[in-house]
Amino acid sequence: MAWCARDRGIVGEAAVDFIRQFKADIALIGISGIEPDGSLRDFDLREVKVAQTIISHAREVWLAADQSKFNRPAMVQVATLAQIDRLFTDAPPPEPFPALLRDASVDTTVAG
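Below or above, wherever it landed, is the structure these notes cover.

Reading the values: the criteria
Residues numbered from 1 in each chain as written. Predicted model: local features only at pLDDT ≥ 70, side-chain atom pairs only at ≥ 80, totals over all residues. Heavy atoms only, no water. Buried < 20%, exposed > 50% of the residue type's maximum accessible area, 1.4 Å probe, protein only. Helix = DSSP H or I, 4+ residues; strand = E, 2+ residues; numbered from the N terminus. Pairing = 2+ DSSP bridges. Contact = heavy atoms within 4.5 Å. Core = buried A, V, L, I, M, F, W, Y, C linked by side-chain atoms within 4.5 Å. Polar contact = N/O pair within 3.5 Å; in protein donor to acceptor, adjacent residues only side chain to side chain. Phe/Tyr/Trp six-rings, centres within 6.5 Å; stacked < 30°, edge-to-face > 60°. Lys NZ or Arg CZ within 6 Å of the ring centre and 35° of its normal.

All right, on to the pairing of strand 5 (residues 39-42) then. Residues Ser39 and Arg41 line one face of strand 5 and the alternating positions Leu40 and Asp42 line the opposite face, and both faces are buried. Taken together, the two bridges between strand 4 (residues 33-34) and strand 5 define a ladder with antiparallel strand orientation. Each residue of the ladder has a partner; that of Ile34, found in strand 5, is Leu40. Between strand 4 and strand 5, which pair antiparallel in sequence order, lie four residues; one of them, Gly38, sits at a positive phi of approximately 90°. Here strand 5 runs beside strand 7 (residues 76-80); their pairing, made up of four bridges, is antiparallel.

With that settled, consider the environment of Gln67. You can see Gln67 is positioned in the loop between strand 6 (58-64) and strand 7. Through-space distance from the C-alpha of Gln67 to that of Leu45 is 23 Å; in sequence the pair is 22 residues apart. When sequence neighbours within four positions are dropped, the list of residues in contact with Gln67 reads Thr89, Asp90 and Ala91.

Turning our attention to the environment of Gly30. Tracing the backbone shows Gly30 in strand 3 (residues 24-30). When sequence neighbours within four positions are dropped, the list of residues in contact with Gly30 reads Asp42, Leu63 and Ala64.

Take unusual backbone geometry next. In this structure, Pro96 follows Glu95 across a cis peptide bond, with omega equal to 5°. Following the sequence through the fold, Pro96 ends up in the loop between strand 8 (86-89) and helix 3 (97-103).

What follows deals with the nonpolar core. Core analysis: the largest hydrophobic core is formed by 22 residues, its most contacted members being Ile31, Ile34, Leu40, Leu63, Val78, Ile84 and Leu87. Listing elements by their share of this core, those giving two or more residues are strand 3, helix 2 (45-56), strand 6, strand 7 and helix 3. Other than its neighbours up to four places away in sequence, Val78 contacts Ile31, Leu40, Arg41, Asp42, Val48, Ala51, Gln52 and Ile55.

What follows deals with the pairing of strand 6. Of the pairings in the sheet, the one linking strand 3 to strand 6 comprises six bridges and is parallel in character. Among the inter-strand pairings, Ile26 is bridged to a residue of strand 6, identified as Glu60. As paired strands, strand 6 and strand 8 are joined by three bridges and run parallel to one another. Considered in strand 8, the bridge of Leu63 is made with Leu87.

Moving on to the side chain of Thr53. Within the secondary structure, Thr53 is located in helix 2. Take Thr53: its relative accessible area is 7%, and that puts it in the buried class. Within polar-contact distance, the side chain of Thr53 engages the backbone oxygen of Lys49 at 2.9 Å.

What follows deals with the packing of aromatic side chains. As enumerated under the stated definition, the model contains three aromatic pairs in all. Residues Phe18 and Phe22 carry aromatic rings whose centres are separated by 5.2 Å and whose planes lie at 55° to one another, so their mutual orientation is tilted. Taking the relative accessible area as the measure of exposure, Phe22 reaches 46% and is therefore partly exposed. Seen from their ring centres, Trp62 and Phe88 are 5.4 Å apart, and the 55° between their planes marks the pair as tilted. Placement of the pair is Trp62 in strand 6 and Phe88 in strand 8, with a sequence separation of 26 residues. For Trp62, a relative accessible area of 23% translates into the label partly exposed. For Arg86, the ring lying beneath its charged end belongs to Trp62, and the centroid distance is 5.5 Å.

Next up, the structure:
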């Protein structure tokens, strides 16, 4: 079992094996960056594997990403906007994201 020192979460194969046992109605994920091509990215490959497993075992996927995540590059692709059902953010997404979100049918909620 591997611990992520930054947030004290369980990551890696132990977490993946556990998640594979379930089908969730809603998966709420976070990421490190959303690039202008619509890819959702992170820095830690172990965390990416867990997030990908959560996405594949959920009926709906919700993404929480504050405004600093837009146009922020990161190394490893987690998913694409097409795999997300809802986005929750704190400011209107900058260009080119409104069109990307619309084309991917992502329901976007901007917190007040």
